[in-house]
Amino acid sequence: LAGVILVENAGSVTVQNLKIDGANVTSLPSGANRLSGIVYGESGGQISNVTLNSIKTAGYADRTYVIDVSAGGAARSVEVDNNTINDYARTAIQLQGASLTADVHDNDITGPGAIGPANVPNGIVFIQNAVGVASDNVVHALHYTGSGSRSGGLMAFAATGGASVVFSGNEVYDTDDAVILASNSTNVTVEGNNFHDNGVGIQLENGANNNTITKNNITDSTIVGIRFDGASNPGGGSTPPGAGNVANRNNISGNAAGVVNYDVTP
């Protein structure tokens, strides 16, 4: 791992009011497998009012996590707010680990546009049982040019803990999929968001179960507003989601299709 700022094994550290620019970075240092702007490893605190530009290597060849927060030991809480992120290879804000609770709000994320096949660009990702809230963020310009994967503006991946992930009040546009719920993610609430001009508004796949989708504006998707994926998807589907997913009281309009279910799970 190569990071500009590293915070490790600390209860509460604040990083704020900075600009981090990777314009002159062309390759990873020897021994590193990814690049980051700010890393909080087993640490808590706040990341606020930081501008992070061009956190990538040449040709988007190497994996990058612009803000990378993880906790698997002692319980940690992190607030990530009012940051501006522009142009990167993999993920703008990654939140990882069963000991992490994150409050991610009011960030402005501009992805790299269309890139691939080395990396799939994503926006805000809760992974491996991290929990918390992502609210009032703006995420756009995320497209993958390779095959077999799609970019996501907001994602829950293997978020299977007893507590929950909440996506609320966000605006996501110009992405492959505004939201992806995958890898058995459960108890995720997607509420009160504005998803417009994406390929897919909300994608559920790979065992995602007992998730709630409500009161969202899902408009002008070029493929479908809400998709319950499955192997019968003629576009090349994935393993279907699990049971208990509920979508109600959403405004679904102007999409190529409103709701499509390729899943056999009731």
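Conventions we followed
- Position numbers for residues count from 1 along each chain, tracking the sequence in the order it is written.
- Only residues with pLDDT of at least 70 get local features here, since the model is predicted, and only at 80 or more are side-chain atom pairs given and counted; chain-wide, interface and lining totals rely on the full set of residues.
- Remark: hydrogens and water are excluded; side-chain values derive from all non-hydrogen atoms of the structure.
- With a 1 Å grid spanning the protein atoms alone, the term cavity applies to any set of points in which a 1.4 Å probe fits but cannot get out, the term pocket to an open set with protein on both sides within 12 Å along at least five of seven lines, and the term lining residue to any residue with an atom within 4 Å of a point.
- Grid points are joined across faces, edges and corners, and a volume is the space filled by probe spheres set on the points.
- Following the grouping adopted for this structure description, the nonpolar residues are Ala, Val, Leu, Ile, Met, Phe, Trp, Tyr, Cys and Pro, the charged ones are Asp, Glu, Lys and Arg, and the polar ones are all others, Gly among them.
- Secondary structure counts use DSSP, requiring at least four H or I residues in a row for a helix and at least two E residues in a row for a strand, with both numbered from the N terminus.
- Between N or O atoms, a polar contact is any pair within 3.5 Å; within protein, one atom must be a potential hydrogen donor and the other a potential acceptor, and residues adjacent in sequence are included only when both atoms are from side chains.
- Contact definition: two residues touch when any of their heavy atoms are within 4.5 Å.
- Only buried residues count toward a nonpolar core. Its members are Ala, Val, Leu, Ile, Met, Phe, Trp, Tyr and Cys residues joined through side-chain atoms within 4.5 Å.
- Working definition: with a 1.4 Å probe on protein chains only, accessible area under 20% of the residue-type maximum means buried, over 50% means exposed, and in between means partly exposed.
- Any two strands are treated as partners once DSSP identifies two or more bridges connecting them.

(A) Geometry of empty space enclosed by the protein. In this structure the tally under the stated criterion is one cavity of 30 Å³ or more. For the largest cavity, the calculated volume is near 30 Å³. Lining the largest cavity, in full, are V4, G22, V25, L35, S36, S54 and I55. A class-by-class count of the residues in the lining of the largest cavity yields four nonpolar, three polar and no charged.

(B) Quick peek at the side chain of N198. Note on placement: N198 falls in the loop between β19 (194–196) and β20 (200–204). Polar side-chain contacts of N198 include one of 3.2 Å to the backbone nitrogen of D174. For N198, the contacting residues outside a window of four places in its chain are V172, Y173, D174, T175, D176, A178, D220, S221 and T222.

(C) Spotlight on the layout of surface pockets. Counted as a void, the largest pocket has a volume near 600 Å³. Taken together, 32 residues form the lining of the largest pocket, with G148, S149, R150, I180 and E205 sitting closest to its centre. Counting only elements with at least two residues in the lining of the largest pocket, the list comes to β8 (91–96), β11 (122–127), β14 (152–157) and β17 (177–182). Residue composition of the lining of the largest pocket, grouped by class: 10 nonpolar, 14 polar and eight charged.

(D) Just the nonpolar core, in detail. If you look at the biggest cluster of nonpolar residues, it comprises 55 residues, and the most contacted ones within it are I93, L95 and I124. Ranked by the residues each element gives to this core, the list is headed by strand β4 (residues 45–55), at four residues. Judged by nonpolar contacts, the second largest core, of five residues, contains V125, M155, I180 and A182.

(E) Quick look at the pairing of β8. The element β8 is largely enclosed, with a buried count of five among its six residues. When strand β5 (residues 64–70) meets β8, the two strands line up parallel, connected through five bridges. Bridge assignment links Y65 to a residue of β8, and that residue is T91. Summarising the sheet, β8 and β11 pair through five bridges and their orientation is parallel. Opposite I93, over in β11, you have I124 as the bridge partner.

(F) Spotlight on the pairing of strand β23 (residues 224–228). Of all five residues in β23, five are buried; the element is thus mostly enclosed. In this structure, β20 lies alongside β23, joined through four bridges in parallel fashion. Across the sheet, the residue bridging to Q203 is R227, located in β23. Looking at chain direction, β23 and strand β26 (residues 259–261) are connected through three bridges and run parallel. Bridging across to β26, F228 finds its partner in N261.

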